[in-house]
Amino acid sequence: MKRENSMALSERGMSKRFWPENATRFFRRRAMETLGLCLLTAMFLFLLANLTYNAADTSFNTSGSSETTNLLGSVGAIVADTSLQGFGLANIAVIVALGAWGLRLVSQRAIYHIIPRFFCLLIAIGMLAASFAALPPPNIWPLHTGLGGVTGWMLLQQLARAGEAFNLNANLLVIAAGLIGLTALLWCLGIKVREYVFLAKALHQKLSFLITISAKMVSLSARILNFFSGNLKSKSKNFLKTKGRLEPTFVSNGSAQNSEKQQHLGEKGKNDGLRLE
């Protein structure tokens, strides 16, 4: 027994020497950063596929003869069609969760309770889809399933039945579902309360700074406009002002010749008078 224990201890010591603890930390950090970058890339691709969605693109339930307009090709068209028809605008929860998890891993902050957070994300998607399904879709919405997709429509029907069974207001149930979904989404992000407070303070400072800068720019631009408008007004007034009123005179050719002769005679008389003196 003593020999076995000594051999185990020696093997542990050899493993520690062969694989230093600093190297383990280094590779663990690099693995977290790589996983975070993968999640951020998935978020960007999922967002791009949803933004460039076209109902005429070829998918599982749509056969189109034209070329696929989705920027991610046929794969992006299938993903966007499935997600939008299934959950509608509740896909925002997936995008936000992937972004938050990716940023935490890239900044080397661990995410605890992964499985409960994943189930909370599913709950958030369902509740938000039900609340979105209660809203009237705008004219630009490309699908007939509503803003909450098929999942939101089904859950909304269940909420309506529950309201009829328990004599509850359906609108209040929809609002409660939205609040539950938002709370579940905020918890599944893995962000702590103090981090939310820090983010709120940082956003307040940035917004106040932007508001002050914009107000100063507006006041400065107003002063510049007033200065140039005042100069233009003064120049126009000076241009329009005249010292005397100028009357137009029309002179014929004969009168012009007579005036020239009179001027010539006058000058000649002056010269003769100077000579006589």
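Here's a quick rundown of the structure. (Residues numbered from 1 in each chain as written. Predicted model: local features only at pLDDT ≥ 70, side-chain atom pairs only at ≥ 80, totals over all residues. Heavy atoms only, no water.)

Take the nonpolar core next. Counting residues in each nonpolar core, the largest one holds 19 residues, and the members touching the most others are Ala93, Trp101, Leu121 and Leu185. At the level of elements, helix H2 (21-51), helix H4 (91-106), helix H5 (114-133) and helix H7 (170-188) are the ones that each hand at least two residues to this core. Beyond its immediate sequence surroundings of up to four residues, Leu185 is in contact with Ala93, Leu121, Ala124 and Leu128. In terms of nonpolar packing, the next biggest core, distinct from the first, is built from 7 residues, Ala49, Tyr53, Leu84 and Leu147 among them. (Core = buried A, V, L, I, M, F, W, Y, C linked by side-chain atoms within 4.5 Å. Buried < 20%, exposed > 50% of the residue type's maximum accessible area, 1.4 Å probe, protein only. Helix = DSSP H or I, 4+ residues; strand = E, 2+ residues; numbered from the N terminus. Contact = heavy atoms within 4.5 Å.)

Attention shifts here to the packing of helix H3 (residues 73-87) against helix H6 (residues 149-166). Interaxial distance between H3 and H6 falls to 2 Å at its minimum, and their mutual angle equals 15°. In this view, H3 runs roughly parallel relative to H6, as classed from their interaxial angle. Together, Leu84, Gln85, Gly86 and Phe87 of H3 and Gly149, Val150, Thr151 and Gly152 of H6 make up the contact between the two elements. Classifying every residue of the contact of H3 with H6 by side-chain character gives 3 nonpolar, 5 polar and no charged. (Axes fitted to C-alpha atoms, helices over the stretch in contact; angles between N-to-C directions. Parallel < 35°, antiparallel > 145°, perpendicular 65-115°, else oblique. Nonpolar A, V, L, I, M, F, W, Y, C, P; charged D, E, K, R; others polar.)

Together, Leu203, Leu207, Phe209, Leu210, Ile211, Ile213, Met217, Leu220 and Ile224 give the surface a local cluster of nonpolar side chains, amounting to about 920 Å² of exposed area. With respect to the element layout, Leu203 can be found in helix H8 (residues 193-240). For Leu203, a relative accessible area of 55% gives the class exposed. (Patch = residues over 30% accessible without salt bridge, like charges linked within 9 Å, V, L, I, M, F, W, Y side chains within 5 Å. Areas by Shrake-Rupley, 256 points an atom, 1.4 Å probe, with all protein chains shown as cover. Salt bridge = Lys/Arg side-chain N within 4 Å of Asp/Glu carboxyl O.)

This brings us to the pattern of salt bridges. For the structure shown, the criterion picks out 1 salt bridge. Of the charged contacts, one joins Glu33 and Arg30 as a salt bridge, the two residues approaching to 2.9 Å between their closest N and O atoms. Of this pair, Glu33 and Arg30 both sit in helix H2, 3 residues apart, roughly one helical turn. What makes Arg30 partly exposed here is its relative accessible area of 28%.

Attention now goes to the side chain of Ser131. Mapped onto the elements, Ser131 comes out in helix H5. Within the structure, the side chain of Ser131 is placed 2.7 Å from the backbone oxygen of Leu128, a separation counted as a polar contact. If sequence neighbours within four positions are ignored, Ser131 has contacts with Val174 and Gly178. (Polar contact = N/O pair within 3.5 Å; in protein donor to acceptor, adjacent residues only side chain to side chain.)

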